Amino acid sequence: EDGSKLWLRYTPPEAIYDFSTVTMDETSPTLEKALKELNIAWQSFEGKDIQTSKTTDAGSLVIGTSKSKNITSVISSKDFDDLGNDGYIIRNINKGGKQSITIASNTDIGVLYGVFHFLRLIQTNQLSASINIVEKPKYDIRILNHWDNLDRTVERGYAGYSLWKWDELPNTLSPRYEAYARANASIGINATVLNNVNASPQILSKEYLHKVKALADIFRPYGLKVYLAVNFSSPKELGGLPNSDPLNKEVIKWWNDKAKEIYSIIPDFGGFLVKANSEGLPGPQDYGRTHADGANMLADALKPYNGIVMWRAFVYNPSNEDRAKQAYLEFMPLDGQFRDNVIIQIKNGPIDFQPREPFSPLFGAMQKTPEMVEFQITQEYLGFSNHLAYLAPLFKETLDSDTYANGKGSTIAKITDGTLRPHKLTAIAAVANIGEDTNWCGHHFAQSNWYAFGRLAWDHQLTSKQIADEWIKMTFSKDNGFVNPVKDIMLASREAVVDYMMPMGLHHIFAFGHHYGPEPWGDVPGGRPDWMPWYYHNADSVGLGFDRSITGSNAVSQYFSPLKEIYNDASRCPENLLLWFHYIPWSYKMKNGRIMWDELCYKYNSGVQQTRSFQQTWRQMQPYIDEQRFNDVKSKLEIQSQDAVWWKDACLLYFQTFSKRPIPSDIEPPVHKLEDLKKIKLDMKHHN
Ligand SMILES: CO[C@H]1[C@H](O)[C@@H](O)[C@H](O)O[C@@H]1C(=O)O
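What you are looking at is a predicted structure, and each value in this text was computed from that prediction instead of being measured.

Scoring rules and cut-offs
- Along every chain, residues carry numbers that run from 1 in the direction the sequence is written.
- Since the coordinates come from a predicted model, pLDDT governs what is reported: local features require at least 70, and pairs of side-chain atoms require 80 or more to be given and counted, while whole-chain, interface and lining totals use all residues.
- Hydrogen atoms and water are omitted, and side-chain values are computed over all heavy atoms in the structure.
- Any residue with a non-hydrogen atom lying within 4 Å of a molecule or strand is treated as near it.
- In the analysis that follows, any N or O atom pair within 3.5 Å is treated as a polar contact, provided that within protein one partner can donate a hydrogen and the other can accept it, and provided that, for residues neighboring in sequence, both atoms belong to side chains.
- Note on areas: Shrake-Rupley, 1.4 Å probe, and residue coverage restricted to the protein chains presented here.
- Buriedness for pockets is judged along seven lines, at least five of which must meet protein on both sides within 12 Å for an open set on the 1 Å grid over protein atoms alone, while cavities are sets there where a 1.4 Å probe fits but cannot get out, and lining residues have an atom within 4 Å of a point.
- Cavity and pocket membership follows a simple rule, namely that a molecule belongs there if more than half of its atoms are within 2 Å of the grid points.
- Ten residue types, Ala, Val, Leu, Ile, Met, Phe, Trp, Tyr, Cys and Pro, are classed as nonpolar, four, Asp, Glu, Lys and Arg, as charged, and the remainder, Gly among them, as polar.
- A pairing counts as a salt bridge when a side-chain nitrogen of Lys or Arg comes within 4 Å of a carboxyl oxygen of Asp or Glu.
- In this description a helix means any DSSP run of H or I spanning at least four residues, a strand means any run of E spanning at least two, and both kinds are numbered starting from the N terminus.
- Exposure categories follow from relative accessible area, calculated using a 1.4 Å probe and restricted to protein chains: below 20% of the type maximum is buried, above 50% is exposed, and the middle band is partly exposed.
- The domain limits used here are those given by an automatic or database domain assignment.
- Working rule for contacts: check all heavy atoms of both residues, and any pair within 4.5 Å makes them a contact.
- Buried area, as used here, totals the accessible surface that two parts lose on assembly, with accessibility defined by a 1.4 Å probe and the loss added over both.
- Grid points are joined across faces, edges and corners, and a volume is the space filled by probe spheres set on the points.

Engineer: Explain the site of the ligand to me, and be specific about the residues and the numbers.
Structural biologist: Taken together, 15 residues form the shell around the ligand, and within it E155, K275, R312, D352 and E380 come nearest. In the model, an oxygen atom of the ligand is placed 3.3 Å from a nitrogen or oxygen of the N198 side chain. One of the side-chain nitrogen or oxygen atoms of K347 is found 2.7 Å away from an oxygen atom of the ligand. Protein contact buries 97% of the 340 Å² of open area that the ligand shows by itself. When atom positions are compared with the pocket grids, the ligand is found to occupy the second largest pocket. Of the residues that constitute the shell around the ligand, the class distribution is four nonpolar, three polar and eight charged.

Take a look at the structure:
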């Protein structure tokens, strides 16, 4: 039992609904996958293949689209009006005294999603006799971003090499390609960007497009569309043109021709994801043009084929006095200038996937431009694949944040899912944590973040608890003795990471480059200030934190009222963001009466204690699961708790050189010396 089966284990549940015969009177590659899935489950539950029949008398499970006679004879056509492309109905229908469950959709992919939902209900013991479910996704495009390079290294990937074996494609096809598509379909993910946003121009070469086509062909029956990240300089680098200026006619023609070529090879190609003028990558600004000029040129090339452009807002610049302000400053003036097949892809926070950030103030601010969230599933800043950090609470914290853009209740979820702004395009993205490792994600619990992203992209109203509950039951065990304590670990885990790494709004005090361990003292004389930890923490003899108030960088003014006033006022600012928005004296009184320095010590300590309690709980879980996964998780939790101590010691000992105050006597005293911690950077390599 190695974890390779993800949440698709189909261990026999308490009660099995009889679907030994499935009725279906249509066929398509996707419907065949639906039958195949039912068969995998039935094999696992009962050790037998399912039978299929074309008429409803035979089976107790009927599946099909609104074109199926079996379906239209029991479900009225108006029930399909509201389902869109991906929605479905699962209904128990009593016909002449005979019960049968019907799974129906406008499309075959909707049927497949319905089948996965039905199987999830069985596996989690939730299928009821009176079932009547109508579901459709909140977002049209539910997309993974792979940061996979063509040499198969993965930027910020901690689960081995890339799944895509470019050297073997298109002739040799790994079975994992289908397994990947199937896993995505099971949670409603319907799109994927195959390559890194730091994109090689080579991906658009004819040779690579044929490799991409091979993957697209495997993914298609599972409803998974392929997109590519493109390098803005491709016309120059790949096409040999003198420049890649988006207003140059030759450049425009190059992209038009390229789009035509792509669609002749992959007719349902999704579109482009672009990182431009960010971290040294080329972009329209190289030619004095704007993000809108660049995005629109690509959008025009893709438009005839219904392709879209996801243009990233991840930009920052050392000349700005506050990195957190840059995206807003660059993009707000362009609101209203983008084509209708462009969507702006914004990281959840204004800096960079930190354990906790406030939401990016761009959300809701661009009134005329569709916006989408980019989350990071891969744990670049949350302990890689070594630390257990269940991210649904982080994702939901962003989605549930009220921007006040259209008055109270303008949550990021409602801004981006079309509820408040009827944009043509709605989408949600996350940077994948998937690699070649047998268990896909490096840590068994990291699979839950892939799962949670898919589930929330489908329905952001689901709670973190519900998602954890179903994931645990399908992945490990349905026994409450296991489910409840493990769910508690998961639900507490992200906050524990915040506590032992960067509590109270601290951010970006990571070690240079690898972003695993702490390096609050880090400095490169003459280096870029916005890459230096001191730029973010500002520790000195008086206090700690980044002053983003009106009298500081004034980043607070990028938020709508009343948030800007709340964030601006240290006494009203949520304490978990205090040092994000304010520079606070060490002796400042917190709401609980402690001074800021003491509170910082208690927070770091609490993070460490939580990792210890995770270990304790996990040790009791041995009877419930297989040896291998039990031990894998046990040793990872050990690493996590050692790392937590390292973080606490490094940050407290370093900040103490400024605060000059004692560490409260009732917390664990540091076991390291600051000089030693400074000598050895905490790197994941330590543990291998
Ligand atoms: C793909 O590059 C990444 C880079 O590795 C990462 O450290 C930073 O978080 O963000 C960049 C981005 O999102 O573009």
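Next comes the rest of the write-up.
Engineer: Residue-level account of the pattern of salt bridges, with values.
Structural biologist: Counted by the stated rule, this structure contains 40 salt bridges. Measuring nitrogen to oxygen at the nearest pair gives 2.6 Å for the salt bridge that ties E470 to R455. Of the two residues, E470 sits in helix α13 (residues 464–475) while R455 sits in helix α12 (residues 447–458), which places them 15 residues apart along the sequence. Both residues of the pair, E470 and R455, count as buried. In this structure, D626 engages R629 in a salt bridge whose closest nitrogen and oxygen atoms are separated by 2.9 Å. Neither residue differs from the other here; D626 and R629 are each classed as buried. Members of the salt-bridge network, linked through shared partners, are K213, D217, R220 and D268.

Engineer: With reference to specific residues and values, describe the domain arrangement of the chain.
Structural biologist: Domain boundaries assigned for the chain yield domain 1 (21–135), domain 2 (141–334 + 369–462) and domain 3 (499–546 + 583–687). Inter-centroid distance (C-alpha atoms) of domain 2 to domain 3 is 32 Å. Between domain 2 and domain 3, the residue contacts involve 21 residues of the former and 25 residues of the latter. Both sides of the domain 2 and domain 3 interface together cover about 2100 Å² of buried area, and 57% of this is carbon and sulfur. It is Y381, N386 and H387 in domain 2 that bury the most area against domain 3; as a group they hold 31% of the surface buried on that side.

Engineer: Residue-level account of empty space enclosed by the protein, with values.
Structural biologist: Using the criterion set out here, one finds five cavities of 30 Å³ or more in the structure. Within this model, the largest cavity holds a volume of roughly 100 Å³. Residue classes in the lining of the largest cavity are distributed as eight nonpolar, two polar and two charged.

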